[in-house]
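Reading the structure
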Amino acid sequence: MTIDLTPRGTADGSAVITHGLTEVMVDVFGPKEAKLRGQTSHDRALVTVEVGIMPFSTGERRKRNRGDKRILELAATIKQTFEPVIQTALYPRSEISIFVHILQQDGGLLPASINATTLALITAGIPLTDYVTAITCGVYSTNPLLDLNTIEENDIPHLTVASLPRTGKVTLVAMETRLHVERTAVLGIYVRRLIRAAADPTDVTIQEDALTDVIKHRLNIASLLFLWTVATATGDFDNPDVSVRKGP
Amino acid sequence: MPRPPSPSIPEKEFLFTSLKESLRLDGRQPLEMRAPILTFGPDLGWVECAFGKTRVLAQLDAKMVKPTPERPLEGLITIHSEISPMASSEYEPGRPSDEEVNMTRMLDKILRRSDAIDKESLCVLAGQRVWHLRLTIHCLADAGNLLDCACLAGIVAFKHFRRPEVEVVGEEVIVHHPSERAPVPLSMHHTPFCFTFAYFPDQDTPPVLDPSYLEQRISAGLISVALNAQKELCVLQKAGGVPLTQEQVLAVIDIAVNEAVKLDWLVTQRLAEDWKGRKVEVR
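Residues numbered from 1 in each chain as written. Chains lettered and ligands numbered in written order. Predicted model: local features only at pLDDT ≥ 70, side-chain atom pairs only at ≥ 80, totals over all residues. Heavy atoms only, no water.

1. Observations regarding the UniProt feature "domain: Exoribonuclease phosphorolytic" (unreviewed entry) in chain B
Residue and element names in this part refer to chain B. As annotated by UniProt and renumbered to match this structure, "domain: Exoribonuclease phosphorolytic" (unreviewed entry) occupies residues 45-164 and 191-258. Along residues 45-164 one finds 26% helix and 36% strand; the C-alpha atoms at either end are 12 Å apart. Counted over residues 191-258, helix gives 28% and strand 34%. Its end C-alpha atoms are 15 Å apart. (UniProt positions renumbered as here; feature names shortened; annotations may be inferred. Helix = DSSP H or I, 4+ residues; strand = E, 2+ residues; numbered from the N terminus.)

2. Quick word on helix α2 (residues 109-123) of chain A
All names here are of chain A. If you check α2, its first and last C-alpha atoms are 21 Å apart, about what 15 residues at 1.5 Å a residue would give, namely 21 Å. Within α2, 14 of the 15 residues are buried, leaving the element largely enclosed by the surrounding structure. In the segment just after α2, G125 is the residue with positive phi, at about 75°. (Expected span 1.5 Å × (residues − 1). Buried < 20%, exposed > 50% of the residue type's maximum accessible area, 1.4 Å probe, protein only.)

3. Details of the interface of chain B and chain A
The interface of chain B with chain A comprises 39 residues on the first partner and 34 residues on the second. Summed over both sides, the interface of chain B with chain A buries roughly 3,000 Å², with 54% coming from carbon and sulfur. Taken together, the links from chain B to chain A amount to 2 salt bridges. Among the residues making up the side of chain B that touches chain A, the classes are represented as 16 nonpolar, 12 polar and 11 charged. With 3 bridges joining them, strand β9 (residues 169-175) of chain A and strand β14 (residues 232-238) of chain B adopt antiparallel strand pairing. Residue pairing for β14 of chain B: A174 of chain A is matched across the bridge by Q237 of chain B. (Contact = heavy atoms within 4.5 Å. Buried area = accessible area lost by both parts, 1.4 Å probe. Salt bridge = Lys/Arg side-chain N within 4 Å of Asp/Glu carboxyl O. Nonpolar A, V, L, I, M, F, W, Y, C, P; charged D, E, K, R; others polar. Pairing = 2+ DSSP bridges.)

4. Regarding the pairing of strand β8 (residues 166-169) of chain B
Residue and element names in this part refer to chain B. Pairing of β8 with strand β9 (residues 172-175), which is carried by 4 bridges, proceeds in the antiparallel orientation. Pairing of V166 across the sheet is with V175, part of β9. Between β8 and β9, which pair antiparallel and follow one another directly, the connecting turn spans 2 residues, one of which, G170, has a positive phi of 60°.

5. What about the environment of S114 of chain B?
Counting through the fold element by element, S114 of chain B comes out in the loop between α2 (98-113) and β5 (123-125). Classification of S114 of chain B as buried rests on a relative accessible area of 5%. Each C-alpha atom of the pair S114 of chain B and R95 of chain B lies 27 Å from the other, and the pair is 19 residues apart in sequence. If near-sequence neighbours (up to four positions away) are discounted, S114 of chain B is found in contact with R178 of chain A together with K109, H190, P192 and C234 of chain B.

6. Some remarks on the nonpolar core
Residue and element names in this part refer to chain B. I137, L152 and F195 are the most contacted members of the largest nonpolar core, which has 75 residues in total. Looking at which element gives the most residues to this core, the answer is helix α3 (residues 146-160), with 11 residues. If we ignore the near neighbours within four places in the chain, the residues touching I137 are V56, L57, A58, I79, H80, S81, E82, M103, L107, A150 and G154. (Core = buried A, V, L, I, M, F, W, Y, C linked by side-chain atoms within 4.5 Å.)

7. Here we look at the packing of α3 of chain B against helix α5 (residues 246-277) of chain B
Angle between the axes and distance between the axes are the two parameters that describe a pair of packed helices. Residue and element names in this part refer to chain B. At a minimum axis distance of 11 Å, the contact between α3 and α5 shows a crossing angle of 45°. In terms of orientation, α3 lies oblique with respect to α5. In terms of crossing hand, the pair formed by α3 and α5 is right-handed. Along the contact surface, α3 presents L152, V156, K159 and H160, while α5 presents L263, V267, L271 and D274. The residue makeup of the contact of α3 with α5, split by class, is 5 nonpolar, 1 polar and 2 charged. (Axes fitted to C-alpha atoms, helices over the stretch in contact; angles between N-to-C directions. Parallel < 35°, antiparallel > 145°, perpendicular 65-115°, else oblique. Left-handed = near helix turned anticlockwise from the far one by under 90°.)

8. Brief notes about unusual backbone geometry
A cis amide bond links G30 of chain A with the next residue in sequence, P31 of chain A, at an omega value of 0°. Within the fold, P31 of chain A resides in strand β3 (residues 22-33). Phi is positive for K231 of chain B, close to 65°, though the residue is something other than glycine.

9. Looking at α2 of chain B
Every buried residue of α2 of chain B is listed here: E100, V101, M103, T104, R105, M106, L107, D108, K109, I110 and L111 of chain B. A positive backbone phi angle near 60° is found at D115 of chain B, which sits one or two residues after α2 of chain B.

10. Remarks on the pattern of salt bridges
Throughout the structure, instances matching the rule amount to 18 salt bridges over all chains. Note that R105 of chain B is salt-bridged to D108 of chain B, the shortest N-O span being 3.7 Å. Taken as a pair, R105 of chain B and D108 of chain B lie in helix α2 at a separation of 3 residues, close to a single helical turn. Residues R105 of chain B and D108 of chain B agree in their burial class; the two are buried. The salt bridge partner of E273 of chain B is R270 of chain B, with a shortest N-O separation of 2.8 Å. Of the two residues, E273 of chain B and R270 of chain B both sit in helix α5, 3 residues apart, roughly one turn of that helix. Here the salt bridges share partners, and the residues they tie into one network are E73 of chain A together with R105, D108, K109 and R112 of chain B.

In structure tokens:
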């Protein structure tokens, strides 16, 4: 997993995140004067999300038009996830626009987009009540798997969860494959551990086992985000899985 | 582009206060659904479903086409769902609204991607001829929870539909008219049902099942659970909105499990009743 926070162009905040082969670039503009006057609210900022899937992001080159329902759904999901987190009430009659560009896809599109959006919003200096971290968790017979790639995603039932690590609450749950309720509950237990691990990777009360280690490892990004915001100066992250490039 | 007026402040406050005391405007319990009313039309695969004043019409037809080269052994299923201004003055023709995108995607996931219909059974002649099922969802009136209503109408339409019997002789396909040979029902793996719950900004207010129009408008988040009577979850969707705890999500699934069993029974009953009243003439 790599994170690149180099400022690009005129964007107020931008982030490129890779989860394995999945690569997502997010640019945040705003708060600024709203383009769509008719859509503005007098008491809070308008959040708009646009998603673009690059034709070269998959093996077979396919052009998707912007009206594609799958893209619109992805945009709507990101928008609804961040609307309650961004302190929109601070910027009445303005707009915060988020542009998500999917550069490469290999599973976990939604979690990568959400993580990148959180990073971009933080770099843009937009006040958030909490940061949002997301991950997919799959279950193969009884073995849990984290952060699935495309091949795994096609065959294994999986659940995408976006959580607010500090409160431990879930803002987004998405599952699209058939799975028995009892097994979902098992998956839920893993996810709960995952959220707790994300909230505090040093929590000793979390049961120590191989899985928790993996979760902590993967979700160090959550704590990393936090570290990044509080101590941008030091910037020594000793997680071998995550590399961070900061802007000038 | 005029935006729909939001409910007035007194209206909102009244509703929030009553919901906090577990009272709903239409006299339902928080976790009580409106009883679905299923009406079958003259044709097979013509189903009208009503949840109170929310009404959706689903229509299914089948035609024979050439399969896609990638999947020569599978039939095709397409779902057309468009929310026209007929449903409510809020919807405009043209650019799809967020509600429409959400509904289309959810129907696609619940009815098509969850493998409810055995697509291989729709194959007539490999690489040459397959059935193309086209489900059209007409939203007639929106009084809240259009998605669940549309989903129920869609799945019942699949169960109600019967396709003409076909016979393959060598390379030739003979389609028998329904009056010659009795049409055959579609082969289905399972019947998923969708349940939508609405959450409110105040954490003490209990969630409500099957939100009415006003409840949906003032809600702070929806969670949709699609599952079948065999307790298999097909789709779980909570796109943003108010954050919930893990327990709250699992509690919602538990409620949906019980509702799915009840709804499955109701659908089976209604289909059996309708089938009894139908005369299929076979010469």
